[in-house]
Amino acid sequence: MDRKDFLKQAGIILTASCTGAILYSCSNPADGEFSDDNIVNSTDPGFTVDGNHIKIDLGSEAGQIISQLNGWLLIRDRRILVINTDGQNINAFSSQCPHAACATSWASSNGNLTCTCHGSVFTGEGEVIQGPATRDLTFFESELTTEVYIITLP
Ligand code: FES
C-alpha cells in the first residue's frame, strides 16, 4: 500500500468512527445524555399551565421521558429542570444556575445535571457536587399522581 492509499483508507476509517460516535451519542437519550427530546416548552403537547401550576401528562412524550429512571427535561420557556431520580420520584428545580445564572444550557448524565455554561454538576436532588457553583439548585414543590406530574412555582 502506498502513502496515498494509506491516507485514503485512514480517512475512511476515521470518518466511519466519527459518524458512529455521533450517531451513538445522538440516538441514546435513555441514558440521560443530551437530546433535543429533553428540551421542551410549556406550550408543547402534554403540558397544561394553570396559574402557578405546570402539569405534565405522563402519557405524553415529555411525560414518558420523566417516567423513566434518569429521564430529564429542561422546560425552557419556564426555566425549569425536571429529573426522575430513581424510577419513581421526580424532582423539579429552577434551571437558573446558582453560579452565573445560565438557565437554558443543560445536559444530564447518570442522573446528574450539568450546567454546560461552565460545567457545574448537580445531583438529581439538586445538590452541587462540582463547581464553580457553590450553591444547590432551587427546589420547586411538585406532586406525582398516576396520570400527571404537577410542578408548583413559587
Ligand atoms: S452559570 Fe452554570 S456553571 Fe456557570
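So, how was this worked out
- Residues numbered from 1 in each chain as written.
- Predicted model: local features only at pLDDT ≥ 70, side-chain atom pairs only at ≥ 80, totals over all residues.
- Core = buried A, V, L, I, M, F, W, Y, C linked by C-beta atoms within 7 Å.
- Buried ≥ 20, exposed ≤ 12 C-beta atoms within 10 Å, placed from the backbone.
- Helix = DSSP H or I, 4+ residues; strand = E, 2+ residues; numbered from the N terminus.
- Contact = placed C-beta atoms within 7 Å.
- Pairing = 2+ DSSP bridges.
- pLDDT = per-residue confidence, 0-100.

## Regarding the nonpolar core
Moving on, step 1. In terms of nonpolar packing, the biggest core is built from 27 residues, with Ile-66, Leu-73, Ile-75, Ile-80, Leu-81, Val-82 and Ala-92 touching the most fellow members.
Moving on, step 2. When residues of this core are traced back to their parent elements, those giving at least two are strand 3 (53–57), helix 2 (61–66), strand 4 (72–75), strand 5 (80–84), strand 6 (90–94), strand 8 (112–115) and strand 12 (148–152).
Moving on, step 3. Every residue in contact with Ala-92, bar those within four places of it in the chain, is listed here: Ile-80, Leu-81, Val-82, Phe-140, Ser-142 and Ile-151.

## Let's talk about the sheet that holds strand 10 (residues 128–130)
Strand pairs in the sheet, formed through backbone hydrogen bonds, run parallel or antiparallel to each other.
Moving on, step 1. Pairing is antiparallel across the open sheet formed by 4 strands, whose spatial order is 7-8-9-10. The two strands at the open ends of the sheet, each matched to only one other strand, are strand 7 (106–109) and strand 10.
Moving on, step 2. Inspection of the sheet shows strand 9 (residues 121–122) paired to strand 10 by 2 bridges, in the antiparallel sense. Across the sheet, the residue bridging to Val-121 is Gln-130, located in strand 10.

## As for the sheet that holds strand 5
Moving on, step 1. Pairing is mixed across the open sheet formed by 8 strands, whose spatial order is 1-4-5-6-11-12-3-2. Sheet topology places strand 1 (39–40) and strand 2 (47–50) at the edges, where each strand pairs with a single neighbour.
Moving on, step 2. The pairing of strand 1 with strand 4 spans 2 bridges and is classified as parallel. The residue bridging Ile-39 from the neighbouring strand is Leu-74, located in strand 4.

## Looking at the pairing of strand 3
As a general feature of sheets, a regular strand has side chains that alternate between the two faces.
Moving on, step 1. The alternating pattern of strand 3 places Ile-54 and Ile-56 on a buried face and His-53, Lys-55 and Asp-57 on a face that is not buried.
Moving on, step 2. As judged from the 4 bridges shared by strand 2 and strand 3, these two strands associate in the antiparallel manner. Paired with Phe-47 across the bridge in strand 3 is Ile-56.
Moving on, step 3. Hairpin connection, strand 2 to strand 3: the antiparallel pair is bridged by 2 residues, and Gly-51 has positive phi, about 65 degrees.
Moving on, step 4. When strand 3 meets strand 12, the two strands line up antiparallel, connected through 5 bridges. Bridge pairing links Ile-56 to Tyr-149 in strand 12.

## Remarks on the environment of Thr-138
Moving on, step 1. Residue position: Thr-138 is located in the loop between strand 10 and strand 11 (139–144).
Moving on, step 2. We classify Thr-138 as partly exposed; it has 14 C-beta atoms within 10 Å.
Moving on, step 3. When neighbours within four sequence positions are excluded, Thr-138 is seen to be in contact with Phe-93 and Ser-94.

## Digging into the environment of Gln-68
Moving on, step 1. Mapped onto the elements of the fold, Gln-68 is located in the loop between helix 2 and strand 4.
Moving on, step 2. Expressed as a C-alpha distance, the spacing of Gln-68 and Asp-86, which sit 18 residues apart in the sequence, is 8.3 Å.

## Things to note about the pairing of strand 11
Moving on, step 1. Note that strand 6 and strand 11 share 2 bridges and pair antiparallel. Note that in strand 11 the partner of Phe-93 across the bridge is Phe-139.
Moving on, step 2. Inspection of the sheet shows strand 11 paired to strand 12 by 4 bridges, in the antiparallel sense. Its bridge partner being in strand 12, Glu-141 is matched across the sheet by Thr-152.
Moving on, step 3. The antiparallel pairing of strand 11 with strand 12 creates a hairpin that spans 3 residues between the two strands.

## Quick look at the confidence of the model for the chain
Moving on, step 1. Averaged over every residue, the pLDDT of the chain is 84; residues scoring 70 or more account for 77%.
Moving on, step 2. Below a pLDDT of 50 lies the segment residues 10–33, which in the model reaches 14 contacts outside its immediate sequence neighbourhood of four places, other chains included.

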